[in-house]
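Next come the chains, spelled out residue by residue.
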Amino acid sequence: MLTHDERLACARSAVDYITGRTADEQLRPVPNCPGWTVYNAAAHIGRVAIAWESMIGATPDDPASRTRGYAESERRPAGATTADLASWANSALDQLEADTDRSCYFSMTGGEGTVGLWGWHAASELGVHRLDVELALGHPHSLDERQAGDAIAYTAQYFLPAMRRAVGVDPGRLEFSIAAAGDGETAGPVVIESDGEGSVRVGGPPVQLLLAMWGRPHDGVKVLEGDAAVWDQWRALPTEAFQFGTWD
């Protein structure tokens, strides 16, 4: 698992990478996010960070902080520069620099969370969007096994259960075996428990597993045991729950 400081460093690096692309690169389509260009990915991380900052600054019993944050993001001008988008994203990350145990509103639980938990969310989500843009530009994936494993643990513990609640569908028990480099040994398991009857165990390289969990195209992830339909239903949840537009 990463430390809080390592997660913030990972999140800031992703912001720098995504918002630091050339004008030509910003026009490239992002296959993992149909309808998006690289610029749209930058707009997404800048604008959602405005909502994040609203929730980070709110008390746990203030769910309206999410609505207020997204309303504020809509009031920002269309066609914002990537420098502006980076500034908005980093402003939210600045709120995570201290007092990691402070309670605040956390959208993935629909209630109480902490500043530290927001740091875990930021590293995981921004890391996935960095993977999206790296693929779009033909750049090698930058997340190492430890960073990807940390994001997988977050996704299993908070993100996918939140998608399950949002959609109102419980596909079944999901277990991950994370393949290590070199000798092929696996780490884990990482498990999402379920009240449903179905069950599946999947395995693969950490970066590819992370992409698969977010419903992205992936390579080398295999169903090792159980019902493949359960896996397919889990992978569909992120898109069914939330499909952001291009923002600008």
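The structure this text deals with has already been given above.
A brief report on the enclosed structure follows. (Residues numbered from 1 in each chain as written. Predicted model: local features only at pLDDT ≥ 70, side-chain atom pairs only at ≥ 80, totals over all residues. Heavy atoms only, no water.)

**Looking at the side chain of T19**
Logical step 1: Residue position: T19 is located in helix α1 (residues 4-19).
Logical step 2: Judged by its relative accessible area of 10%, T19 is buried.
Logical step 3: A polar contact is formed between the side chain of T19 and the backbone oxygen of V15, at a distance of 2.7 Å.
Logical step 4: Not counting residues within four places of it along the chain, the set of residues in contact with T19 comprises A42, I45, T82 and A86. (Helix = DSSP H or I, 4+ residues; strand = E, 2+ residues; numbered from the N terminus. Buried < 20%, exposed > 50% of the residue type's maximum accessible area, 1.4 Å probe, protein only. Polar contact = N/O pair within 3.5 Å; in protein donor to acceptor, adjacent residues only side chain to side chain. Contact = heavy atoms within 4.5 Å.)

**Things to note about the pattern of salt bridges**
Logical step 1: A complete count under the given rule lists 14 salt bridges for this structure.
Logical step 2: Measuring nitrogen to oxygen at the nearest pair gives 3.0 Å for the salt bridge that ties E6 to R146. Of the two residues, E6 is situated in helix α1 and R146 in helix α7 (residues 145-167); the sequence distance between them amounts to 140 residues.
Logical step 3: Overall, the relative accessible area of 32% leaves E6 in the partly exposed class.
Logical step 4: Accessibility expressed as a relative area gives 42% for R146, which makes it partly exposed.
Logical step 5: D132 serves as the salt-bridge partner of R216, at 2.7 Å between the closest nitrogen and oxygen. In this pair, R216 sits in the loop between α8 (206-213) and β6 (222-226) while D132 sits in helix α6 (residues 115-137), placing the two residues 84 residues apart along the sequence.
Logical step 6: On the accessibility criterion, R216 (10% relative accessible area) is buried.
Logical step 7: One continuous salt-bridge network, built from bridges that share partners, spans R12, D94 and E97. (Salt bridge = Lys/Arg side-chain N within 4 Å of Asp/Glu carboxyl O.)

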